[in-house]
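Commentary on secondary and tertiary structure
The lines below spell out each chain.
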Amino acid sequence: MTTVLQSYIAGRWVGREAAQTLNSAINGQPVASTHAEALDFGEAVSHARKVGLPALLAMDFQQRAERLKALGKYLAQNKEKLYAISAHTGATRADGWIDIEGGAGTLMAYASMGSNELPSGNLVHEGPAMALGRKGGFAGTHILVPRRGVAVHINAFNFPVWGLLEKFAPSFLAGMPCIGKPATATSYLTEALVRLINESGLLPEGALQLVIGGTGDLLDRLDGSDFVTFTGSADTAAKLRVHPNLVRQSIPFNAEADSLNCAILAPDVTPDDEEFDLFVKEVAREMTTKAGQKCTAIRRAIVPRSHVDAVATKLRERLARTVIGDPSREDVRMGALASRAQFEDVSERVATLMQGAELLYGERDGFAPVGDGVANGAFFSPTLLLSRKPLEHDAVHDVEAFGPVSTLMAYDGLDEAIALAARGRGSLVGTLVTRDPKTAARVIPAVAALHGRFLVLDREAAVESTGHGSPLPQLKHGGPGRAGGGEELGGIRAVKHYLQRTAVQGSPTMIAAITGEYMRGATLNESELHPFRKHFEDLQIGDSLLTHRRTVGEADIVAFGGISGDYFYMHFDEVAAKESPFGKRIAHGYFVLSAAAGLFVSPAPGPVLANYGLDTLRFVKPVGIGDTIRARLTAKRKIDRNKKDAKGVGQGVVAWDVEVTNQLDEVVASYDILTLVSKRS
Ligand code: NDP
């Protein structure tokens, strides 16, 4: 009897009775079955709203980032439990690495970006705030807040672990409880992942629920605060996008669908160049990794007509060396498709592509993967086609064979290569292999409109390149047009997709109170106690100090020039300075900065530990000999990253607004200083 998979809904595992049997991609033997019990999606959504949401919003961005980090570590420590199951999906160890360790790594990457780039609290100020009136009493800015809804993630079969985690990470950071729905074919691996996550005890109840099988009336139960993401076929995306409830309630729908990604070999690369081999290697790798079941795989290899034969020969050699079979064997480099159903689907699509293309490589009869008992597995030979007249061959630009299948396309001239790339009608990713910066500068702007990401590969980048097919947490993933029109990953951008952006208008004091960030014109708190003498907990936004004054003399300029070695004419050449736009010698900008620090610091050791940088520095007006300056220092922003120093004393980050003015109260320099400030305990 096979294991019956269970859904995790409303805090309990549901499912006892077997429904659909799921077979191993390697030997066709049953691995598990879905459950027959219908799920109560009303209960699932209500649980997310009533239990998950309050628990998530009781934490802030920084605390959720910490949980993600802990979860990423926990999954990495327990990865072997997932690898043991992953092989049934047809994945080799290397394929599993992308899925499993890639998934855990994505959690860690989001944890780190969240901790570095998001504030404490649950409001992101997307500033700077701007004055909207002349008198300074009316201002505007943008804030981002949790949507107070539920994220539903419908995923594809090819990445059962990464697929869920890369969606979960940013939505969890944004404070949304998630309902994950993996593709049925490989849902046994996602179920094992969710069990592991539950065992970790790191997530609050209701933060993540799992649906095995269909989504029933789930989408009907959502409202405008919710969010749906989808990865899979363009047909299903097209269907779900117009789901009546999603349309009626304007529920955001992010789709990542089929994509006929291209790689272009530029005309400047000759068969003797290293780049020629890089191109061949990249195409072969994209064909065979995950047995070509990657939304980012290279489906269309666009090659100068004169080099088609040379590329074909080298690709054939590489593909022939790829050992295909049971992924548990060490010599195997390519496993199976995820299921027999996928095998049938890919076979049909290759037959369609062949109408207008030649077969360059691909074993059919007699194809024998290595390993015992693999005869009923879903193994598919790498298949390389050649389209000699690709501009006249529609199928190669329309039909995605979701397996180890790629088509070489011959082109004449760079414009034709660009036109062929565009025939994909929107792709997730493309690669240009060139040695010539001018070619890159010409091609990339031309193809960018139809691509979500583009890799430019040459020998220099190749040393560290993460490859054509790897979406990175830091960079945007998703493409326009037939690729689904969605956007995900891309660092904190992905978190922002799950937050509501709202414009706020009002007086500077109101804006400062709402955003937790001082803006000029807002109420200041001035007291006898220097702000640098206050611990992190005691400092309030708006705590401010107006310094005494200092008149700048020629001796200051001469001394500063001597110390810094900066004898620029504007400070030292009376004649040239007279002819300059300022008409006189002026002080070094860096002198003004240094003098301002001298005016505002409180020198004794204290809670303010270190200054680690400046932001938004502008020298607004010149300071001439005889001008008198003073500075206003105001606590602008506080970020508590829950960090401690080596002695275990907590510390936070404080950004200070600094405004240096002259005797006419005109601003001469403006910037933020970033400091570390220790906590009381
Ligand atoms: P599908 O579009 O059929 O399925 C994707 C996901 O949507 C699965 O979780 C599926 O669940 C779910 N789903 C299907 N129909 C509905 C529905 N009516 N309501 C709610 N959820 C639904 O894609 P497949 O996974 O079957 O793959 C088919 C093709 O999609 C591939 O051959 C390939 O061309 C493309 N694909 C693209 C990917 C990409 O990343 N761009 C990734 C994977 C596939 P269930 O499995 O239970 O049907």
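Calculation notes
- Residues numbered from 1 in each chain as written.
- Predicted model: local features only at pLDDT ≥ 70, side-chain atom pairs only at ≥ 80, totals over all residues.
- Near = placed C-beta within 6 Å.
- Helix = DSSP H or I, 4+ residues; strand = E, 2+ residues; numbered from the N terminus.
- Nonpolar A, V, L, I, M, F, W, Y, C, P; charged D, E, K, R; others polar.
- UniProt positions renumbered as here; feature names shortened; annotations may be inferred.
- Buried ≥ 20, exposed ≤ 12 C-beta atoms within 10 Å, placed from the backbone.
- Pairing = 2+ DSSP bridges.
- Right-handed = clockwise from strand over helix to strand, strands pointing away.
- Contact = placed C-beta atoms within 7 Å.
- Expected span 1.5 Å × (residues − 1).
- Arc of directions from axis to C-beta.
- Axes fitted to C-alpha atoms, helices over the stretch in contact; angles between N-to-C directions.
- Parallel < 35°, antiparallel > 145°, perpendicular 65-115°, else oblique.
- Left-handed = near helix turned anticlockwise from the far one by under 90°.
- Core = buried A, V, L, I, M, F, W, Y, C linked by C-beta atoms within 7 Å.

Per an unreviewed UniProt entry, the protein carries the name Phenylacetic acid degradation bifunctional protein PaaZ and comes from Variovorax humicola.

1. Description of the site of the ligand
Taken together, 25 residues lie around the ligand, and Ala156, Gly232, Ser233, Thr236 and Cys295 are the ones closest in. In terms of residues, the shell around the ligand owes the most to one element, helix H7 (residues 234-241), which gives three residues. Residue composition of the shell around the ligand, grouped by class: nine nonpolar, 10 polar and six charged.

2. Some thoughts on the UniProt feature "domain: MaoC-like" (unreviewed entry) in the protein
Mapped onto this numbering, the UniProt entry gives "domain: MaoC-like" (unreviewed entry) at residues 541-650. The span residues 541-650 shows a helical share of 30% and a strand share of 33%, and its end C-alpha atoms are spaced 19 Å apart.

3. Some thoughts on the pairing of strand E8 (residues 151-154)
Side-chain alternation along E8 places Ala151 and His153 on one buried face and Val152 and Ile154 on a second face that is also buried. Where E8 meets strand E9 (residues 178-181), four bridges bridge the pair, whose relative direction is parallel. Bridged to Ile154 within E9 is Lys181. Between the parallel elements E8 and E9, the chain passes through helix H5 (residues 162-173) in a crossover that is right-handed.

4. Quick word on the environment of Asn155
Following the sequence through the fold, Asn155 ends up in the loop between E8 and H5. Expressed as a C-alpha distance, the spacing of Asn155 and Thr229, which sit 74 residues apart in the sequence, is 8.0 Å. Apart from residues lying up to four places away in sequence, Asn155 is in contact with Gly163, Leu164, Gly180, Lys181, Pro182, Ala183 and Thr231.

5. Digging into helix H2 (residues 61-77)
Here H2 is 17 residues long and its end C-alpha atoms lie 24 Å apart, about the 24 Å a rise of 1.5 Å per residue gives. Of the residues making up H2, those classed as buried are Phe61, Arg64, Ala65, Arg67, Leu68, Leu71, Gly72 and Leu75. The arc that holds the buried residues of H2, viewed along the axis, is 160°, so those residues lie on one side. Looking at the buried positions of H2, the neighbouring elements they touch are helix H1 (41-57), helix H3 (79-86), helix H4 (93-117), H5 and helix H6 (187-200).

6. Quick look at the sheet that holds strand E7 (residues 139-146)
Taken together, the three strands give an open sheet; going across it, the order is E6-E7-E22, and neighbouring strands pair in antiparallel fashion. Only two strands of the sheet have a single partner each, and these edge strands are strand E6 (124-131) and strand E22 (499-506). On average, adjacent strands in this sheet sit at an angle of 15° to one another, irrespective of strand direction. Across the sheet, helix H17 (residues 508-515) touches E6, E7 and E22, and the angle it forms with E7 is around 15°.

7. Focus: the sheet that holds strand E1 (residues 3-4)
Reading across from one edge, E1-E5-E4 is the order of the three strands in this open sheet, with mixed pairing throughout. The two strands at the open ends of the sheet, each matched to only one other strand, are E1 and strand E4 (18-23).

8. A short note on the packing of H3 against H6
Running from N to C, H3 and H6 point in directions that differ by 165°, and their axes come no closer than 9 Å. Considering their axes alone, H3 and H6 lie roughly antiparallel with respect to each other. Where H3 crosses over H6, the two elements pack in a sense that is right-handed. Contact residues: H3 offers Lys81, Leu82, Ile85 and Ser86, while H6 offers Tyr188, Leu189, Ala192, Leu193 and Leu196. Grouping the amino acids of the contact of H3 with H6 by side-chain chemistry returns seven nonpolar, one polar and one charged.

9. Observations regarding the nonpolar core
In summary, soluble globular proteins display a tendency toward joint burial of nonpolar side chains. By size, the foremost hydrophobic cluster in this structure holds 144 residues, and its most contacted members are Ile264, Ile302 and Leu408. Looking at this core element by element, the count peaks at eight residues for H4. When neighbours within four sequence positions are excluded, Leu408 is seen to be in contact with Ala301, Val303, Val308, Val311, Ala312, Leu360, Leu384, Leu385 and Leu386.

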